[in-house]
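# Architecture at a glance
Each chain, written out:
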Amino acid sequence: MKWILQYLRGTSKVCFCFGPGQPVLDAYTDANMSRGIDSSKSTCGYLMTFVGRAVSWQSKLQKCVVLSITKSEYIAATKACKELL
């Protein structure tokens, strides 16, 4: 335990470096309307990048059935915002 505490004290000024770019978190979302007969649910997905590298992503069927692409896009954007928070 003493060795671990000494190590942490000696490396307290060390930090991670993700790359030469600015530390920017970007989010991308997309959704599409289902055209299938079996399932009328849409697919939505998002991708989060930090300094140009993917850190979080997801693609899955939405839980509800929507009647317009706009509503589908709103649901995808909401899921991405929840992940950002």
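All values reported here derive from a predicted model rather than from experimental measurement.

## Here's the deal with the overall build of the protein
Broken down by element type, the protein carries two helices and three strands. Start at the N end of the protein and walk to the C end: the helices and strands fall as α-β-β-β-α. The buried share among the 85 residues of the protein stands at 16%. For the protein, contacts bridging at least 24 residues in sequence account for 47% of all contacts bridging at least 6. When the accessible surface of the protein is split by element, carbon and sulfur atoms take 61% of a total near 7000 Å².

## Things to note about the side chain of T49
Mapped onto the elements of the fold, T49 is located in strand β2 (residues 43–50). Judged by relative accessible area, which is 8%, T49 ranks as buried.

## Observations regarding a nonpolar patch on the surface
Residues M1, W3, I4, L5, Y7 and L8 make up a contiguous nonpolar surface patch of roughly 740 Å² in combined accessible area. Looking at where Y7 falls in the secondary structure, it is placed in helix α1 (residues 2–10). Under the relative-accessibility criterion, Y7 is labelled partly exposed at 48%.

## Focus on the environment of G52
Following the sequence through the fold, G52 ends up in the loop between β2 and β3 (53–61). Residue G52 is classed as exposed on the basis of its relative accessible area, which comes to 67%. The spatial distance from the C-alpha of G52 to the C-alpha of P23 is 9.2 Å, given a sequence separation of 29 residues.

Procedures and definitions
Residues numbered from 1 in each chain as written. Predicted model: local features only at pLDDT ≥ 70, side-chain atom pairs only at ≥ 80, totals over all residues. Heavy atoms only, no water. Helix = DSSP H or I, 4+ residues; strand = E, 2+ residues; numbered from the N terminus. Buried < 20%, exposed > 50% of the residue type's maximum accessible area, 1.4 Å probe, protein only. Contact = heavy atoms within 4.5 Å. Areas by Shrake-Rupley, 256 points an atom, 1.4 Å probe, with all protein chains shown as cover. Patch = residues over 30% accessible without salt bridge, like charges linked within 9 Å, V, L, I, M, F, W, Y side chains within 5 Å. Salt bridge = Lys/Arg side-chain N within 4 Å of Asp/Glu carboxyl O.

So far we have only geometry, and geometry alone does not tell us how the molecule works.
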